[in-house]
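# Survey of secondary and tertiary structure
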Amino acid sequence: MLVIQNLTLSTRQVILQNFSYQFQKGNSYLISATNGSGKTTFFHSLVNLKAVDQGTVTFDQHKYQVEAASESFLR
């Protein structure tokens, strides 16, 4: 199970604010939105490739504090 709690993500504008959701193991999910709305940025934030403002991610009962990625890592 993937649990996202209070994820806040912004670039030039707020993409997600206090987003929380539980993705159940064995289910399929579709994330659909218009071009430029932040889908890729959201996925990058889950694997710590994109800086976030706040939030936690729990994957298979291992809790991670999502933190801002370093600028040198992003280059």
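To be clear, the structure that these remarks concern was listed above.
Residues numbered from 1 in each chain as written. Predicted model: local features only at pLDDT ≥ 70, side-chain atom pairs only at ≥ 80, totals over all residues. Heavy atoms only, no water.

The subject of this paragraph is the overall build of the protein chain. Each helix and strand in the protein chain was counted, giving 2 helices and 4 strands. For the protein chain, the α and β elements follow one another from N to C terminus as β-β-α-β-β-α. In the protein chain, the share of contacts with a sequence separation of at least 24, taken over all contacts with a separation of at least 6, comes to 42%. Total accessible area on the protein chain stands at roughly 5700 Å², and carbon and sulfur atoms take up 49% of it. (Helix = DSSP H or I, 4+ residues; strand = E, 2+ residues; numbered from the N terminus. Contact = heavy atoms within 4.5 Å. Areas by Shrake-Rupley, 256 points an atom, 1.4 Å probe, with all protein chains shown as cover.)

On to the nonpolar core. Of all hydrophobic cores here, the largest spans 7 residues; its members are Ile4, Leu7, Leu9, Leu16, Phe23, Phe42 and Val52. Within the residue set of this core, elements represented by two or more residues are β1 (2–10) and β2 (14–23). Of the residues forming this core, the biggest block, 3 residues, is contributed by β1. If we ignore the near neighbours within four places in the chain, the residues touching Phe23 are Met1, Leu2, Ile4 and Tyr29. (Core = buried A, V, L, I, M, F, W, Y, C linked by side-chain atoms within 4.5 Å. Buried < 20%, exposed > 50% of the residue type's maximum accessible area, 1.4 Å probe, protein only.)

Below, the discussion takes up unusual backbone geometry. Peptide bonds are mostly trans, and most non-glycine residues show a negative phi. One non-glycine residue, Asn6, adopts positive backbone phi at about 50°. Relative to the helices and strands, Asn6 resides in strand β1. The class of Asn6 is partly exposed, set by a relative accessible area of 42%.

Centre-to-centre distance and the angle between the planes together describe a pair of aromatic rings. If you walk through the whole model with that rule in mind, you get 5 aromatic pairs. Counting every residue linked through ring pairs, the aromatic cluster contains Phe19, Phe42 and Phe43. (Phe/Tyr/Trp six-rings, centres within 6.5 Å; stacked < 30°, edge-to-face > 60°.)

This part takes up the pairing of β1. Moving residue by residue along a regular strand, the side chains alternate between the two faces of the sheet. By the bridge criterion, 6 bridges tie β1 to β2 in an arrangement that is antiparallel. When the bridges of β2 are listed, Leu7 appears paired with Phe19. Between β1 and the antiparallel strand that follows it, β2, lie 3 residues. As defined by bridge partners, β1 adjoins strand β3 (residues 54–59) across 5 bridges and the pair is classed as antiparallel. Bridging from a neighbouring strand, Gln5 pairs with Thr56 of β3. (Pairing = 2+ DSSP bridges.)

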